[in-house]
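Observations on the three-dimensional arrangement
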Amino acid sequence: MSTDSPGRNGPVSAARRRDVIDALRRGAVPESGLDLLATGLDPYQSALDAELDAVASGASVFKAVRGEYGSGKTFFARWLGERAKRRNFAVAEIQVSETETPLHKLETVYRRLTERLATPGFPPSALRPVVDAWFYALEEDALAAGASEERLPTEVERLLTARLTEVSRHAPSFATALRGYRTALESGDEATASAVMAWLGGQPHVAAAARRSAGVRGDLDHFGALGFLQGLLTVLRDSGHAGLFVVLDEVETLQRVRSDARDKALNALRQLIDEVHSGRFPGLYLLITGTPAFYDGRQGVQRLAPLAQRLATDFTTDPRFDNPRAVQLRLPGFTLDSLIGLGLTIRDLYASGSSAAERVKEITDDVYVADLAKAVGGVLGGKVGVAPRLFLKKLVGDVLDRVDQFEDFDPRKHYALTVNASELTEVERNAAAVDSADDVELDLP
């Protein structure tokens, strides 16, 4: 995390600053602007950038990130996703969960992927704009090859068939649905076009009439999902995107599901890794995040020996010498110094957009930020590694906002750190060992 000035890479736009500050005020990881906060990631940058470049050239990469709760796994994933977007990748972040996105049901994972799909030009869900751009690219290619206006539909169909040949071997209905979507658009049938697009995105319960019109039937299943992913990668590449960056976040939740579902999920993960390494998905960068307990414990990866073998990485050496090219990366987590450094970065970022910048920096000086960091860490039983979310939420919402708005507000006189058990995450509550919902109050010096 950063201890440098937020302006080190040049001026920060008001929109980017606002997005970051608003997210921290809510106690959330920002969706964008993470480069303003990220240093300490320098050892990873060159290796990860090289992997993104390889994926843009047609390779595929699988990566696993490990770290304790609060070590910044989601931050890391979004930071890398931003770097991918700057290379014109499409990006999708998927939260693995037993009820909403069970990993052993790849059709559901694919559906969440299309729902969360974003590109540099379009927010989620960007599936339809991507497909529309693909058909436009096919038309441009056909015209460039000398096709007349009369022959254009035929030439586009020929190009569609040629570029989806490999996909059609595994998921012929993907190409069929694309044809049905295009036919519905050309006939002005928006309702059918939207329904077929939903079916292409893996949505269940699409109207039977729309499916019949497109020449497809049934809903997407576990095995068809991999073929549809292959098709999506082809469409992304041909519509001008460098590749697809996918995050499966919080995979450690698999440890808490029923044993039969857990075994199926671990095997699905093993299958995904094998498919990525086989070269079936050119243009895919797949990243998973999990806790050390998930990778090393008997209820996680170690439960399936073939998966454990594929993810095995040596972490017995000094973390300074971790290999960023390895299949697994470990995040070191926060120390008190790095937590204070992050607080100073946020204080400076906040001040750079404030009309009272000098007062913000003077009142919340380096000593105060350090005191607040120590106090929050103390509330959480001294476990600084899980403190960043709460610390930044308090710093922005309770302190900086008040200093910015009230000229006579001095946090040393008018603010005592108050933490209610109800505002803590489960991990934070465990760290604090709070036995009741009573407030914890600390007076800062």
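Residues numbered from 1 in each chain as written. Predicted model: local features only at pLDDT ≥ 70, side-chain atom pairs only at ≥ 80, totals over all residues. Heavy atoms only, no water.

Take helix H12 (residues 259-278) next. For H12, spanning 20 residues, the distance from its first C-alpha to its last is 28 Å, which sits close to the expected 28 Å at 1.5 Å a residue. Residues Ala261, Arg262, Ala265, Leu266, Ala268, Leu269, Gln271, Leu272, Ile273, Glu275 and Val276 constitute the buried set of H12. One or two positions beyond H12, positive phi appears at glycine 279, with a value near 90°. (Helix = DSSP H or I, 4+ residues; strand = E, 2+ residues; numbered from the N terminus. Expected span 1.5 Å × (residues − 1). Buried < 20%, exposed > 50% of the residue type's maximum accessible area, 1.4 Å probe, protein only.)

Within the fold, alanine 356 resides in the loop between helix H15 (336-352) and helix H16 (357-363). Spatially, the C-alpha atoms of alanine 356 and glutamine 405 are 8.6 Å apart, while their sequence positions differ by 49 residues.

Taking strand neighbours across the sheet as the criterion, the 5 strands line up as E2-E3-E4-E1-E5 in an open arrangement whose pairing is parallel. With partners counted over all chains shown, the strands left at the sheet margins are strand E2 (89-95) and strand E5 (328-330), one partner each. Strand after strand, the sheet turns through a mean of 20° between neighbouring axes, direction not considered. Looking at chain direction, strand E3 (residues 243-249) and strand E4 (residues 284-290) are connected through 5 bridges and run parallel. Of the residues in E4, the one forming a bridge with valine 247 is leucine 287. Packed on one face of the sheet, H12 meets strand E1 (61-66), E3 and E4 and runs near 135° to E1. (Pairing = 2+ DSSP bridges. Axes fitted to C-alpha atoms, helices over the stretch in contact; angles between N-to-C directions. Contact = heavy atoms within 4.5 Å.)

Bringing the nonpolar core into the picture now. In terms of nonpolar packing, the biggest core is built from 76 residues, with Phe62, Leu178, Leu244 and Leu248 touching the most fellow members. Among the elements that make up this core, the one with the highest residue count is helix H11 (residues 222-238) (8 residues). Apart from residues no more than four positions distant in its own chain, leucine 248 is found in contact with Ile94, Val96, Leu103, Val109, Leu272, Leu286, Leu287, Ile288 and Thr289. Counting residues in hydrophobic clusters, the runner-up holds 66 residues, among them Val91, Phe245, Leu329 and Val379. (Core = buried A, V, L, I, M, F, W, Y, C linked by side-chain atoms within 4.5 Å.)

A word on the side chain of lysine 63. Inspection of the secondary structure puts lysine 63 in strand E1. Here the side chain of lysine 63 touches arginine 325 through a polar contact of 3.4 Å, landing on its backbone oxygen. Setting aside residues no more than four positions away along its own chain, lysine 63 makes contact with Leu48, Glu51, Tyr285, Leu286, Leu287, Ile288, Pro324, Arg325, Ala326, Val327 and Leu329. (Polar contact = N/O pair within 3.5 Å; in protein donor to acceptor, adjacent residues only side chain to side chain.)

On to unusual backbone geometry, then. Cis geometry marks the peptide bond from proline 124 to serine 125, where omega comes out at -10°. Topologically, serine 125 is positioned in the loop between helix H4 (106-116) and helix H5 (127-144). One non-glycine residue, asparagine 88, adopts positive backbone phi at about 70°. Along the chain, asparagine 88 turns up in the loop between helix H3 (73-86) and E2. Judged by its relative accessible area of 30%, asparagine 88 is partly exposed. Phi at glutamate 250 is positive, roughly 60°, even though this residue is not glycine. Tracing the sequence through the fold places glutamate 250 in the loop between E3 and H12.

This part takes up the pattern of salt bridges. Using the criterion set out here, one finds 34 salt bridges in the structure. The closest approach of N and O atoms between aspartate 49 and arginine 83, which form a salt bridge, is 2.7 Å. Of this pair, aspartate 49 sits in helix H2 (residues 42-56) while arginine 83 is found in helix H3, placing the two residues 34 residues apart along the sequence. The class of aspartate 49 is buried, set by a relative accessible area of 12%. Classification of arginine 83 as buried rests on a relative accessible area of 13%. (Salt bridge = Lys/Arg side-chain N within 4 Å of Asp/Glu carboxyl O.)

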